[in-house]
Amino acid sequence: MVLRRAEEQTRAEGVRLTPVRRRTLEILLESHRAMGAYEVLEKLAADGYGKQPPVAYRALEFLVEQGFAHRIQRLNAYAACLSPERNHAPVFLICRSCEQVAEADASALRGALQDLAARSEFTPERITVELLGLCARCSAEAAA
Ligand SMILES: [Zn+2]
Ligand SMILES: [Zn+2]
């Protein structure tokens, strides 16, 4: 579904979802956690897309620019975007134990952050909120 949306959107905007870009998005979608560029590169290399780091970086940057993926600063990694809404303000719930990343909707937060920015006469171009902690499974394990 995410892939189909990416195909439709790139077609509508006249940008190219090349095979390597498409495969990179698939790789992120198959993994349910954020992935580092080198991890993505290894998978691309295994699929015959070459071993040059710029290949992975360029594909990942493209996906981020188009809104199909997010860069998680905290982990220096990338995750596929699961929200159908473009230009949204995602909140990432990052488990510090298993590194699973969940994306939550932060529309309520978005207004508050924009007000806060406006009061400082600041124009935000990107809003990303990262929460670090334990996922349900890891916190249950920690309590056991
Ligand atoms: Zn997203
Ligand atoms: Zn966890």
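Calculation rules
Residues numbered from 1 in each chain as written. Chains lettered and ligands numbered in written order. Predicted model: local features only at pLDDT ≥ 70, side-chain atom pairs only at ≥ 80, totals over all residues. Heavy atoms only, no water. Core = buried A, V, L, I, M, F, W, Y, C linked by side-chain atoms within 4.5 Å. Buried < 20%, exposed > 50% of the residue type's maximum accessible area, 1.4 Å probe, protein only. Helix = DSSP H or I, 4+ residues; strand = E, 2+ residues; numbered from the N terminus. Phe/Tyr/Trp six-rings, centres within 6.5 Å; stacked < 30°, edge-to-face > 60°. Lys NZ or Arg CZ within 6 Å of the ring centre and 35° of its normal. Axes fitted to C-alpha atoms, helices over the stretch in contact; angles between N-to-C directions. Parallel < 35°, antiparallel > 145°, perpendicular 65-115°, else oblique. Left-handed = near helix turned anticlockwise from the far one by under 90°. Contact = heavy atoms within 4.5 Å. Nonpolar A, V, L, I, M, F, W, Y, C, P; charged D, E, K, R; others polar. Domains from an automatic or database assignment. Buried area = accessible area lost by both parts, 1.4 Å probe. Salt bridge = Lys/Arg side-chain N within 4 Å of Asp/Glu carboxyl O. Polar contact = N/O pair within 3.5 Å; in protein donor to acceptor, adjacent residues only side chain to side chain. UniProt positions renumbered as here; feature names shortened; annotations may be inferred.

Participant: Would you mind going over the nonpolar core in detail, with residue names and values included?
Facilitator: If you look at the biggest cluster of nonpolar residues, it comprises 21 residues, and the most contacted ones within it are Leu25, Leu28, Val40, Leu44, Leu60, Leu63 and Tyr78. Elements with a minimum of two residues in this core: helix H1 (2-13), helix H2 (19-30), helix H3 (37-46), helix H4 (53-65) and strand S2 (77-80). Top contributing element to this core by residue count: H4, with five residues. If you look at the next biggest cluster of nonpolar residues, it comprises seven residues, including Ala34, Ala77, Ala79 and Ile94.

Participant: Tell me about the packing of aromatic side chains, and please be specific about residues and values.
Facilitator: With the rule as written, the count across this model stands at one aromatic pair. Ring plane angle 80° and centroid distance 6.5 Å describe the contact between Tyr38 and Tyr57, whose orientation is recorded as edge-to-face. Taken together, the positions of Tyr38 in helix H3 and Tyr57 in helix H4 put the pair 19 residues apart, joining distant regions of the chain. We note Arg21 situated over the ring of Phe62; from NZ or CZ to the ring centre the distance is 3.8 Å.

Participant: Before we move on, could you go through the packing of H2 against H3 and cite the residues and values that matter?
Facilitator: The contact between H2 and H3 brings their axes to 10 Å, and the two run at 120°. With respect to their mutual orientation, H2 and H3 come out oblique. Where H2 crosses over H3, the handedness of that crossing is right-handed. Residue-level contacts link Val20, Arg23, Thr24, Ile27 and Leu28 of H2 to Val40, Lys43 and Leu44 of H3. In terms of residue class, the contact of H2 with H3 is made up of five nonpolar, one polar and two charged.

Participant: Can you lay out the domain arrangement of the protein for me, pointing to particular residues and giving the numbers?
Facilitator: For the protein, the assigned domains read domain 1 (2-80) and domain 2 (90-143). In this structure, domain 1 and domain 2 have C-alpha centres spaced 22 Å apart. The interface of domain 1 with domain 2 comprises ten residues on the first partner and nine residues on the second. On the domain 1 side of the interface with domain 2, the three residues burying the most area are His70, Arg74 and Leu75, jointly 47% of the side's total. Run the count over domain 1 and domain 2 and you get zero salt bridges. The interface formed by domain 1 and domain 2 includes three residue pairs in polar contact (both at pLDDT 80 or more). Grouping the amino acids of the side of domain 1 that touches domain 2 by side-chain chemistry returns four nonpolar, three polar and three charged.

Participant: I'd love a proper account of the side chain of Arg23, names of residues and values included.
Facilitator: Residue position: Arg23 is located in helix H2. Side chain to side chain, Arg23 and Asp47 meet in a polar contact 2.5 Å long. Setting aside chain neighbours within four positions, we find Arg23 in contact with Glu30, Leu44, Asp47 and Tyr49.

Participant: Any chance you could break down the UniProt feature "binding site: Zn(2+)" (unreviewed entry) in the protein for me, citing the residues and the numbers?
Facilitator: Following the UniProt record, the feature "binding site: Zn(2+)" (unreviewed entry) maps to Cys95, Cys98, Cys135 and Cys138 here. Spanning 44 residues, the named residues form one tight spatial group whose C-alpha atoms are at most 8.1 Å apart. Here Cys95 shows up in strand S3 (residues 90-95). With relative accessibility at 3%, the residue Cys95 sits in the buried group. Each residue touching Cys95, except ones within four places of it in the same chain, is listed here: Gln100, Gly133, Leu134, Cys135 and Cys138. Counting through the fold element by element, Cys135 comes out in the loop between strand S5 (129-133) and helix H6 (136-143). For Cys135, the residues in contact, after removing those within four places along its chain, are Cys95, Cys98 and Gln100.

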